[in-house]
2 protein chains.
Amino acid sequence: MPVQALIFDVFGTLLDWHGGVAREASRLLSALRPDVDGHAFARAWRDRYQPGMEPIRQGARAYADLDTLHAESLDGVLATLRLGEAVPDEIKHELVLAWHRLDAWPEVPAALARLKERYLLAPCSNAHVRLAIAHARRNALPWDAVLGAEFAQDYKPKSAVYLRAVEALRLAPDAVMMVAAHSSDLAAAAACGLATAHVARPDESGPGTGETAPLVPVDLAARDLADLARQLGC
Amino acid sequence: MPVQALIFDVFGTLLDWHGGVAREASRLLSALRPDVDGHAFARAWRDRYQPGMEPIRQGARAYADLDTLHAESLDGVLATLRLGEAVPDEIKHELVLAWHRLDAWPEVPAALARLKERYLLAPCSNAHVRLAIAHARRNALPWDAVLGAEFAQDYKPKSAVYLRAVEALRLAPDAVMMVAAHSSDLAAAAACGLATAHVARPDESGPGTGETAPLVPVDLAARDLADLARQLGC
């Protein structure tokens with residue numbers, strides 16, 4: 001069964017979350033804290049990302065979207081900077097919206113446009129629908145549908161997220177390829193029977209922080225999304 | 001709260017289901033039944049549409065998609081033509097796919113492109129995701145996301161379908177406008193607090209069969225989708 005659809009991790013794989021959140025944090029907090037390190041702020045916030053989703057994955061909490069989880073974890077990040085009391089609610093709201101204002105890695109929009117001529121394309125991200133729409137409108141991501149966490153009401157790497165995406169596409173799992181820069185995401189997708197492609201993002205959280213190659217067996221490994229498109233004949 | 005998103009009924013409102021199914025039925029059945037009336041065939045099949053969804057709305061049956069319900073009701077339609085035994089499974093499968101091969105009313109793609117500059121756009125149809133993708137790809141429908149029956153795991157006019165769409169858009173109900181050619185759909189959306197727009201489709205199931213004007217109070221009534229775009233300042 002040849003691959004007929006590609007589904008994508010978004011944060012890190014398609015979008016530069018680290019640079020975007022660092023930029024917005026510097027912009028929004030510099031008046032209160034001129035020495036704020038946006039990059040460290042972004043990493044500290046992201047460090048609270050996986051733990052925030054865990055109670056939902058465990059079934060101990062109903063699905064809540066990333067805006068909600070980001071707002072909850074933001075207070076902890078601000079507290080470590082001793083900014084917890086000083087930041088007005090409007091600025092906190094704008095900080096949460098930093099995750100809506102992320103830019104794609106440079107080659108992504110053109111590569112997706114080429115891939116769309118041959119494949120169905122959808123995000124399979126932990127982002128909710130409205131967040132995915134913001135990403136798509138800002139970066140011209142040509143999705144056929146928005147799949148992922150909100151569609152499944154759960155978070156990756158829970159199998160339901162991959163399997164509900166496959167079901168919505170009405171394809172066999174091995175006709176759907178999960179594309180991600182994170183080996184853990186690809187390992188979970190492969191366990192569900194999906195094809196997998198790794199995209200290197202060596203600078204995901206700053207220089208030298210990301211995966212340069214897959215740590216698990218994959219069907220394809222690409223230097224970036226343009227390379228993936230070439231390998232897929234697009 | 002001004003309207004920020006438009007969600008759309010699809011069959012009849014945006015797409016000519018009657019003409020498309022009639023064309024495919026004539027094409028696929030003419031070898032077996034040269035006198036087949038594609039238009040009557042399309043209407044007879046559509047007559048079985050609402051009853052097929054009813055057990056799911058009532059909670060007596062789990063969500064099953066329109067391909068499944070169309071395949072089930074097709075046998076009844078073929079039986080009334082005394083074609084039940086004669087039609088091979090491949091042709092039945094192609095007949096179900098007739099619902100994937102519908103053309104938009106002529107003004108629709110350009111009107112949606114204009115509306116997209118100002119509003120979030122999504123189908124809120126009883127079509128499932130893969131069917132909505134087929135419609136969008138065939139007719140260049142520029143959706144921001146695919147909402148509707150499969151997202152809610154229920155069928156209109158159940159309130160969950162409208163309310164899950166509103167929730168996914170992260171807007172208040174009155175910031176979302178339901179657009180449909182059917183007053184029953186709009187009445188249900190209005191009961192959920194949505195804004196409503198009626199689009200006249202007087203020839204929906206053949207000449208003179210459709211609604212020329214809304215039968216219930218609505219916020220806007222339009223002659224077609226280009227007229228709706230004009231009334232909304234697009």
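Cut-offs applied
Residues numbered from 1 in each chain as written. Chains lettered and ligands numbered in written order. Predicted model: local features only at pLDDT ≥ 70, side-chain atom pairs only at ≥ 80, totals over all residues. Heavy atoms only, no water. Helix = DSSP H or I, 4+ residues; strand = E, 2+ residues; numbered from the N terminus. Rg over C-alpha atoms; globule rule 2.2 N^0.38 Å. Buried < 20%, exposed > 50% of the residue type's maximum accessible area, 1.4 Å probe, protein only. Areas by Shrake-Rupley, 256 points an atom, 1.4 Å probe, with all protein chains shown as cover. Lys, Arg positive; Asp, Glu negative; His and termini not counted. Charge placed at Lys NZ, Arg CZ, Asp CG, Glu CD. Pairing = 2+ DSSP bridges. Phe/Tyr/Trp six-rings, centres within 6.5 Å; stacked < 30°, edge-to-face > 60°. Domains from an automatic or database assignment. Buried area = accessible area lost by both parts, 1.4 Å probe. Salt bridge = Lys/Arg side-chain N within 4 Å of Asp/Glu carboxyl O. Polar contact = N/O pair within 3.5 Å; in protein donor to acceptor, adjacent residues only side chain to side chain. Nonpolar A, V, L, I, M, F, W, Y, C, P; charged D, E, K, R; others polar. Contact = heavy atoms within 4.5 Å.

Another point: the overall build of chain A. For chain A, the count of helices and strands is eleven helices and six strands. For chain A, whose C-alpha radius of gyration is 18 Å, the value lies close to the compact-globule estimate of 17 Å for 234 residues. For chain A, the C-alpha atoms occupy an extent of roughly 55 × 35 × 30 Å along the three principal directions. Here chain A, with 234 residues, has 56% of them falling under the buried criterion. Roughly 9,100 Å² of accessible area belongs to chain A as shown, and the carbon and sulfur atoms make up 54% of that amount. Measuring between centres, the 24 positive side-chain charges of chain A sit 2 Å from its 30 negative side-chain charges.

Once that is clear, we can look at the pairing of strand β1 (residues 5-8) of chain A. Residue and element names in this part refer to chain A. Side chains Ala-5 and Ile-7 project from β1 onto one buried face, and the interleaved Leu-6 and Phe-8 project onto a second face that is buried too. With four bridges connecting them, β1 and strand β2 (residues 120-125) associate as parallel partners. Bridge pairing links Leu-6 to Leu-121 in β2. Across four bridges, the pairing between β1 and strand β4 (residues 176-180) is parallel. In the sheet register, Ala-5 faces β4, and the bridge partner there is Val-176.

Another aspect to go through is the packing of aromatic side chains. Pairs of aromatic rings are described using the distance from one ring centre to the other and the angle between the two planes. Residues and elements named next belong to chain A. Inspection of every chain in the model, using the stated rule, returns 15 aromatic pairs over all chains. Ring centres of Trp-17 and Trp-99 lie 6.1 Å apart, and the angle between their planes is 20°; on these two criteria the pair is classed as stacked. Residue Trp-17 is found in helix α1 (residues 17-29), and its partner Trp-99 is found in the loop between α5 (89-97) and α6 (108-116); the two are separated by 82 residues along the sequence. Neither residue differs from the other here; Trp-17 and Trp-99 are each classed as buried. An angle of 35° between the planes, with centres 5.5 Å apart, marks the rings of Tyr-63 and Tyr-155 as tilted. Separated by 92 residues along the polypeptide, Tyr-63 in the loop between α3 (49-57) and α4 (66-80) and Tyr-155 in the loop between α8 (149-152) and α9 (159-169) bring together distant segments of the chain. Just as Tyr-63 is buried, Tyr-155 falls in that class too. Ring pairing ties together the aromatic residues Phe-11, Trp-17, Phe-41, Trp-45, Tyr-49 and Trp-99, which thus form one cluster.

Below, the discussion takes up the sheet that holds β1 of chain A. All names here are of chain A. Ordered by their spatial adjacency, six strands build an open sheet running β3-β2-β1-β4-β5-β6, and the pairing between neighbours is parallel. Where the open sheet ends on each side, the last strands, each with one partner, are β3 (147-148) and β6 (220-222). Of the strand pairs in this sheet, strand β5 (residues 195-199) and β6 are connected by three bridges, and their pairing is parallel. Its bridge partner lying in β6, Val-199 is registered against Ala-222.

Let's shift gears to unusual backbone geometry. Residues and elements named next belong to chain A. Here the bond from Lys-156 into Pro-157 is cis, since omega is 5°, no more than 30 degrees from zero. Mapped onto the elements, Pro-157 comes out in the loop between α8 and α9. Phi is positive for Gln-153, which is not a glycine, with a value near 55°. Note on placement: Gln-153 falls in the loop between α8 and α9. Gln-153 sits in the partly exposed class, given a relative accessible area of 33%.

The next point concerns the domain arrangement of chain A. Residues and elements named next belong to chain A. Parsing chain A into structural domains produces domain 1 (5-16 + 102-231) and domain 2 (17-100). On a C-alpha basis, the centroid separation for the pair domain 1 and domain 2 is 23 Å. Buried surface at the junction of domain 1 and domain 2, summed over both partners, amounts to about 1,900 Å²; 55% is from carbon and sulfur atoms. Broken down residue by residue, the surface that domain 1 buries against domain 2 is led by Leu-102, His-128 and Tyr-155, which jointly contribute 33%. In this assembly, domain 1 and domain 2 are joined by one salt bridge. With a shortest N-O distance of 3.3 Å, Arg-23 and Asp-103 are connected by a salt bridge. At the junction of domain 1 with domain 2, the criterion picks out 15 residue pairs in polar contact (both at pLDDT 80 or more). Listing elements by their share of the side of domain 1 that touches domain 2, those giving two or more residues are α7 (129-139) and α8. A total of four residues in the side of domain 1 that touches domain 2 trace back to one element, the largest contributor, which is α7. Looking at the side of domain 1 that touches domain 2 residue by residue, the class counts come to nine nonpolar, seven polar and eight charged.

A word on helix α9 (residues 159-169) of chain B. Among the residues of α9 of chain B, Val-161, Tyr-162, Arg-164, Ala-165, Val-166, Ala-168 and Leu-169 of chain B are the ones counted as buried. Where α9 of chain B ends, the next residue or the one after it, Arg-170 of chain B, has phi of about 55°, a positive value.

Residue and element names in this part refer to chain A. Here Ala-180 lies in strand β4. Residue Ala-180 is classed as buried on the basis of its relative accessible area of 0%. Along the sequence, Ala-180 and Thr-68 sit 112 residues apart, while their C-alpha atoms lie 24 Å from each other. Apart from the residues within four sequence positions on either side, Ala-180 is in contact with Asp-9, Thr-13, Asp-185, Leu-186, Ala-197, His-198 and Val-199.

Take the side chain of Ser-125 of chain B next. Residue and element names in this part refer to chain B. Looking at the element boundaries, Ser-125 is found in strand β2 (residues 120-125). For Ser-125, a relative accessible area of 2% corresponds to the buried category. The contact partners of Ser-125, leaving out residues within four places of it in the chain, are Phe-8, Val-10, Phe-11, Leu-147, Gly-148, Ala-149 and Lys-156.

With that settled, consider the sheet that holds strand β1 (residues 5-8) of chain B. In space, the six strands of this open sheet follow the order β3-β2-β1-β4-β5-β6 (chain B), with parallel pairing throughout. The sheet is open, and its two edges are formed by β3 (147-148) and β6 (220-222) of chain B, each paired on a single side.

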